[in-house]
Amino acid sequence: MSVIRNYDSQKIHDVGLRDIAATANNRPATHALPAGADAYFALLRKKIDNEVLGVLPDRVILDMIDALILRESGRQIKLFDYSVVIAPLFKALEGSMIFIAEELKLGLDKPWQVGRALNEKQLKKYFEDVLDKLKGIDKNKKLEIKIWLTNCETFLTQYRHNPAHYGNEIIIEYEKIVQKTETIFETINELIKRLLEPKLIN
């Protein structure tokens, strides 16, 4: 169970980030966030709704904060390739998909690594299984969920090949990485929020 899950959603911002980092799943206490990281948590709360933060695993939240730390640092420090900023956010997206699979009891084999459990051949079945769990809900709401799932599929597929590897895309414009990351933040938030509405996850 998420550490953050134990707190009222309106009081999430009061949770000490060092405590969260120290107790996050598979994240040793030595990886506690540095002093000042609370500012990035505050920034994250402007992108991810409290109700969503209240259910996401701690590790997903920490990866999103890492992405913001890297991205905001890029305002002052010019990078040769800003694509490195996407790495922790890609992990956050993967973690969100695994979280959904757990909540919907899709029966993925452990260890749940997206590259193994949700490789490209299995992604289609994953999304079909998620949509199958939506039977009985309003068709417009189901369509909205399908749209956000499609966004997830696009990101998961694209990043495995481009820009994750040497020789592929180089992102030299800071504005471009801001746009890419904002789209992923929005996708995670909107997908989880829409699954929360019919209480498919909690």
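Residues numbered from 1 in each chain as written. Predicted model: local features only at pLDDT ≥ 70, side-chain atom pairs only at ≥ 80, totals over all residues. Heavy atoms only, no water.

A. Focus on the nonpolar core. Counting 52 residues, the largest nonpolar core has Leu44, Leu56, Met64, Ile100, Leu191 and Ile192 as its most contacted members. Those elements that place two or more of their residues in this core are helix H2 (38–44), helix H3 (50–53), helix H4 (58–73), helix H5 (86–103), helix H7 (120–132), helix H8 (139–161) and helix H9 (174–196). Ignoring sequence-local partners within four residues, the contact set of Met64 consists of Leu44, Ile48, Leu56, Leu89, Ala92, Phe185 and Ile188. (Core = buried A, V, L, I, M, F, W, Y, C linked by side-chain atoms within 4.5 Å. Buried < 20%, exposed > 50% of the residue type's maximum accessible area, 1.4 Å probe, protein only. Helix = DSSP H or I, 4+ residues; strand = E, 2+ residues; numbered from the N terminus. Contact = heavy atoms within 4.5 Å.)

B. Examining the pattern of salt bridges more closely. Within this structure, the stated rule accounts for ten salt bridges. Ionic pairing is found between Glu72 and Arg75, a salt bridge with its closest N-O pair at 2.7 Å. With relative accessibility at 14%, the residue Glu72 sits in the buried group. Look at the salt bridges and you will find they share partners, linking Lys47, Arg71, Glu72, Arg75 and Glu182 into a network. (Salt bridge = Lys/Arg side-chain N within 4 Å of Asp/Glu carboxyl O.)

C. Region of the structure containing the environment of Glu144. Residue placement: Glu144 occurs in helix H8. Along the sequence, Glu144 and Leu191 sit 47 residues apart, while their C-alpha atoms lie 8.4 Å from each other.

D. Molecular detail of the confidence of the model for the protein chain. The predicted model of the protein chain averages 78 in pLDDT, with 73% of residues at 70 or higher. Of all secondary-structure elements in the protein chain, the lowest mean pLDDT belongs to helix H1 (residues 17–23), at 45, while H9 reaches the highest, 95. (pLDDT = per-residue confidence, 0-100.)

E. Representation of the packing of H5 against H9 within the structure. Viewed as axis vectors pointing N to C, H5 and H9 meet at an angle of 15 degrees, and their least axial separation amounts to 11 Å. Between H5 and H9, the crossing angle belongs to the class labelled roughly parallel. The element H5 and its partner H9 pack so that their crossing is left-handed. For the pair H5 and H9, contact is made by Ile86, Leu89, Ala92, Leu93, Ser96, Met97, Phe99 and Ile100 and by Ile177, Lys180, Thr181, Ile184, Phe185, Ile188, Leu191, Ile192 and Leu195, respectively. Across the contact of H5 with H9, the residue classes tally to 14 nonpolar, two polar and one charged. (Axes fitted to C-alpha atoms, helices over the stretch in contact; angles between N-to-C directions. Parallel < 35°, antiparallel > 145°, perpendicular 65-115°, else oblique. Left-handed = near helix turned anticlockwise from the far one by under 90°. Nonpolar A, V, L, I, M, F, W, Y, C, P; charged D, E, K, R; others polar.)

F. Up close: a nonpolar patch on the surface. A contiguous nonpolar surface patch, about 330 Å² in accessible area, is contributed by Phe80, Ile170 and Ile172. A residue is classified by how much of its surface remains accessible, and Phe80, at 65% relative accessible area, is exposed. (Patch = residues over 30% accessible without salt bridge, like charges linked within 9 Å, V, L, I, M, F, W, Y side chains within 5 Å. Areas by Shrake-Rupley, 256 points an atom, 1.4 Å probe, with all protein chains shown as cover.)

G. Looking closely at the side chain of Asp81. As for its position among the elements, Asp81 is in the loop between H4 and H5. In this structure Asp81 is buried but unpaired, with Lys176 as the nearest side chain of opposite charge at 9.2 Å. At 2.9 Å, the side chain of Asp81 and the side chain of Ser83 are in polar contact. Residues contacting Asp81, with those up to four places away along its chain left out, are Glu169, Ile170 and Ile171. (Lys, Arg positive; Asp, Glu negative; His and termini not counted. Polar contact = N/O pair within 3.5 Å; in protein donor to acceptor, adjacent residues only side chain to side chain.)

H. H4, seen in detail. Its 16 residues give H4 an end-to-end C-alpha distance of 22 Å, which sits within 8% of 22 Å, the value for a rise of 1.5 Å per residue. Among the 16 residues in H4, 13 count as buried, and that is most of the element. (Expected span 1.5 Å × (residues − 1).)

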